[in-house]
Amino acid sequence: MKNPNKYFRISQVIIILVLSFCFFRNEISISCIPNYYGILTSLQDFFMFLSSVLLTLFGINSFFPDNRFIKNIKILNVDLLLMKNLFNLSISSIVIAFLPSLLMVFGEDDNSVWGRISLAGAIIVVSLFFTEVGRLILRLMCMTYG
């Protein structure tokens, strides 16, 4: 694979276009989601947990410098890149943890344009976050096994 970053950026653009098309074509709104507030609170809990896990992974580099994996990524000279990715993902997950709070402004029976735009934006942001997590996992797998 020559340039995996190019493929991830292309996949992100495709995700944005497909989700945007689906949302505005089908007029998906907040009222289409059963148990809207329950889903938002569970998403908020999940992203708070995920941000703590990512921050812990970010801190492992300083606490376990004798770890074999940490030594290998330092030898490969990718430890700073990996730490930068982990830090960016942890900050992003903290920001996304507050996203459901913003969506709770809209009621469960909301069909407004702003509600649809906010819902579509939130789903696109979460999808892009998970493509970045996938990118980090693939990077770690390449470092570990390849």
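Located above this text is the structure these notes cover.
Residues numbered from 1 in each chain as written. Predicted model: local features only at pLDDT ≥ 70, side-chain atom pairs only at ≥ 80, totals over all residues. Heavy atoms only, no water.

1. Comments concerning the overall build of the protein chain
Of the regular secondary structure elements, the protein chain holds 6 helices and 0 strands. The buried share among the 146 residues of the protein chain stands at 32%. Total accessible area on the protein chain is roughly 9,500 Å²; 69% of this is exposed by carbon and sulfur atoms. (Helix = DSSP H or I, 4+ residues; strand = E, 2+ residues; numbered from the N terminus. Buried < 20%, exposed > 50% of the residue type's maximum accessible area, 1.4 Å probe, protein only. Areas by Shrake-Rupley, 256 points an atom, 1.4 Å probe, with all protein chains shown as cover.)

2. Things to note about the pattern of salt bridges
Counting across every chain of the model gives 1 salt bridge. A salt bridge links glutamate 132 to arginine 135; the nearest nitrogen and oxygen atoms lie 3.3 Å apart. Placement of both glutamate 132 and arginine 135 in helix H6 (residues 113-145) is noted, with a separation of 3 residues, approximately one turn of the helix. A relative accessible area of 22% places glutamate 132 in the partly exposed class. Classification of arginine 135 by relative accessible area gives buried; the value is 12%. (Salt bridge = Lys/Arg side-chain N within 4 Å of Asp/Glu carboxyl O.)

3. Here we look at the packing of aromatic side chains
Under the criterion given, the structure shown has 6 aromatic pairs. Seen from their ring centres, phenylalanine 46 and phenylalanine 47 are 5.3 Å apart, and the 75° between their planes marks the pair as edge-to-face. Residue classification places phenylalanine 47 among the buried residues on the basis of a relative accessible area of 2%. Taken together, the ring pairs connect Phe46, Phe47, Phe129 and Phe130 into an aromatic cluster. (Phe/Tyr/Trp six-rings, centres within 6.5 Å; stacked < 30°, edge-to-face > 60°.)

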